[in-house]
Amino acid sequence: MSKTKAKKKNSQLIVRINDEERARFVSLCEELDTSAAREVRRFIRGFIKEQEKQSGD
């Protein structure tokens, strides 16, 4: 799938964290010129790939 034709984002994941952690995370994302959502998606994709490697899928 080309980058210009990415999969549609049609689901949400709600994560409860404390205010200080959220503020620091969002602030760091802004400093790095990225978004919190983008970084969470990047983490999830990386986590899935790692688990698939380990399980041999």
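It should be noted that the structure appears before, not after, this text.
Scoring rules and cut-offs
- Residues numbered from 1 in each chain as written.
- Predicted model: local features only at pLDDT ≥ 70, side-chain atom pairs only at ≥ 80, totals over all residues.
- Heavy atoms only, no water.
- Helix = DSSP H or I, 4+ residues; strand = E, 2+ residues; numbered from the N terminus.
- Buried < 20%, exposed > 50% of the residue type's maximum accessible area, 1.4 Å probe, protein only.
- Areas by Shrake-Rupley, 256 points an atom, 1.4 Å probe, with all protein chains shown as cover.
- Patch = residues over 30% accessible without salt bridge, like charges linked within 9 Å, V, L, I, M, F, W, Y side chains within 5 Å.
- Salt bridge = Lys/Arg side-chain N within 4 Å of Asp/Glu carboxyl O.
- Expected span 1.5 Å × (residues − 1).
- Lys, Arg positive; Asp, Glu negative; His and termini not counted.
- Charge placed at Lys NZ, Arg CZ, Asp CG, Glu CD.
- Axes fitted to C-alpha atoms, helices over the stretch in contact; angles between N-to-C directions.
- Parallel < 35°, antiparallel > 145°, perpendicular 65-115°, else oblique.
- Contact = heavy atoms within 4.5 Å.
- Nonpolar A, V, L, I, M, F, W, Y, C, P; charged D, E, K, R; others polar.

### What about the overall build of the protein chain?
Then step 1. Per the secondary structure count, the protein chain includes two helices and zero strands.
Then step 2. A buried classification covers 5% of the 57 residues belonging to the protein chain.
Then step 3. On the protein chain, roughly 5,900 Å² of surface is accessible, and the fraction owed to carbon and sulfur atoms is 52%.

### Digging into a nonpolar patch on the surface
Then step 1. A cluster of nonpolar side chains, namely L13, V15, I17, F25, V40, F43, I44, F47 and I48, defines an oily patch on the protein surface of about 830 Å² accessible area.
Then step 2. Among the elements that line the nonpolar patch, the one with the most residues is helix α2 (residues 36-55), at five residues.
Then step 3. Topologically, I48 is positioned in helix α2.

### Examining α2
Then step 1. With 20 residues, α2 ought to run about 28 Å at 1.5 Å a step, and its terminal C-alpha atoms sit 29 Å apart, in line with that.
Then step 2. Positive phi appears at G56, one or two residues downstream of α2, with a value of about 80°.

### Comments concerning a positive patch on the surface
Then step 1. Together, K7, K9, R38, R45 and K49 make up a region of like positive charge exposed at the surface.
Then step 2. With respect to the helices and strands, R45 occurs in helix α2.
Then step 3. Note on R45: relative accessible area 49%, which makes it partly exposed.

### Things to note about the packing of helix α1 (residues 19-31) against α2
Then step 1. Running from N to C, α1 and α2 point in directions that differ by 95°, and their axes come no closer than 9 Å. With respect to each other, α1 and α2 are oriented roughly perpendicular. Here α1 contributes F25, V26 and C29 to the contact with α2, which in turn contributes A36, E39 and V40.
Then step 2. Of the residues contributing to the contact of α1 with α2, the split by class is five nonpolar, no polar and one charged.

### What to know about unusual backbone geometry
Then step 1. Positive phi outside glycine occurs at D33, with the angle close to 55°.
Then step 2. On the secondary structure map, D33 appears in the loop between α1 and α2.
Then step 3. Given the relative accessible area of 69%, D33 is considered exposed.

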